[in-house]
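Chains, contacts and geometry: an overview
Spelled out, the chains give:
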Amino acid sequence: MEEPLTEDMLAELLDAPDPRAFIKRREVGERSLAEYLDALLLEKGLKRSVVVREAGINETFGYQIFTGARRASRDNLLKLAFAMGCSLREANRLLQAGGANELYCKNRRDAIVIFAISHGYTLQKTEEELYRFGEATIS
């Protein structure tokens, strides 16, 4: 599931003879949150029930997020990212697939979350850091 970097794809697009050639070659399109979650589960060898439990999300609601029946808030998407052990790139892709803004380092709260993800913090440790800095926690 290794995806090319956006910068690399931009260079390809700019070098393409026309946008259709690029879009066809790269199969550019929207990916649903449910599709991305399934791909992450498969890649990481995780079970949905374990991820939902680790994220601290209601089981029924979590199932509905994974099937695409319900939308998840940005914070619930972050909980899932932590529960799945996502890298920063995966977490941002998860946020995008869920219709939320990527983590933004100029935002104080997001900067703390970025640091936490990049340093392998658990959700609990990240919550403690957010609280320590007087920022809204994820849960």
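Let us look at the structure shown here. (Residues numbered from 1 in each chain as written. Predicted model: local features only at pLDDT ≥ 70, side-chain atom pairs only at ≥ 80, totals over all residues. Heavy atoms only, no water.)

Some thoughts on the environment of S118
Note on placement: S118 falls in helix α8 (residues 108-118). Taking the relative accessible area as the measure of exposure, S118 reaches 46% and is therefore partly exposed. Sequence separation between S118 and R89 is 29 residues, and the spatial gap between their C-alpha atoms is 9.6 Å. (Helix = DSSP H or I, 4+ residues; strand = E, 2+ residues; numbered from the N terminus. Buried < 20%, exposed > 50% of the residue type's maximum accessible area, 1.4 Å probe, protein only.)

A look at the packing of aromatic side chains
As enumerated under the stated definition, the model contains one aromatic pair in all. Judged by centre distance (5.9 Å) and plane angle (85°), the rings of F115 and Y121 are edge-to-face. The aromatic ring of Y121 is capped on one face by K125, whose charged end is 4.3 Å from the ring centroid. (Phe/Tyr/Trp six-rings, centres within 6.5 Å; stacked < 30°, edge-to-face > 60°. Lys NZ or Arg CZ within 6 Å of the ring centre and 35° of its normal.)

Overview of the pattern of salt bridges
Taken as a whole and assessed by the stated rule, the structure comprises five salt bridges. The residue D110 makes a salt bridge to R74 at a minimum N-O spacing of 2.9 Å. Here R74 lies in helix α6 (residues 74-83) and D110 lies in helix α8, a separation of 36 residues in the sequence. Between R132 and E129 there is a salt bridge whose closest N-O contact spans 2.7 Å. (Salt bridge = Lys/Arg side-chain N within 4 Å of Asp/Glu carboxyl O.)

Here's the deal with helix α5 (residues 59-67)
Structurally, the α-helix is built with 3.6 residues per turn, so residues lying three or four positions apart point the same way. By the burial criterion, the buried members of α5 are F61, G62, I65 and F66. Taken end-on, α5 shows its buried residues confined to a sector of 140°, consistent with a single buried face. Away from its buried face, by an angle of more than 90 degrees, α5 presents the exposed residues E59 and T60. Tucked inside the fold, the buried residues of α5 contact α3 (33-44), α4 (48-55) and α6. (Arc of directions from axis to C-beta. Contact = heavy atoms within 4.5 Å.)

Quick word on the packing of α8 against helix α9 (residues 123-132)
The interhelical angle for the contact between α8 and α9, taken along N-to-C directions, is 150°, at an axis separation of 10 Å. Seen from above, α8 lies across α9 with right-handed handedness. Contacts from R109, I112, V113 and A116 in α8 reach T126, E129 and L130 in α9. Among the residues making up the contact of α8 with α9, the classes are represented as four nonpolar, one polar and two charged. (Axes fitted to C-alpha atoms, helices over the stretch in contact; angles between N-to-C directions. Left-handed = near helix turned anticlockwise from the far one by under 90°. Nonpolar A, V, L, I, M, F, W, Y, C, P; charged D, E, K, R; others polar.)

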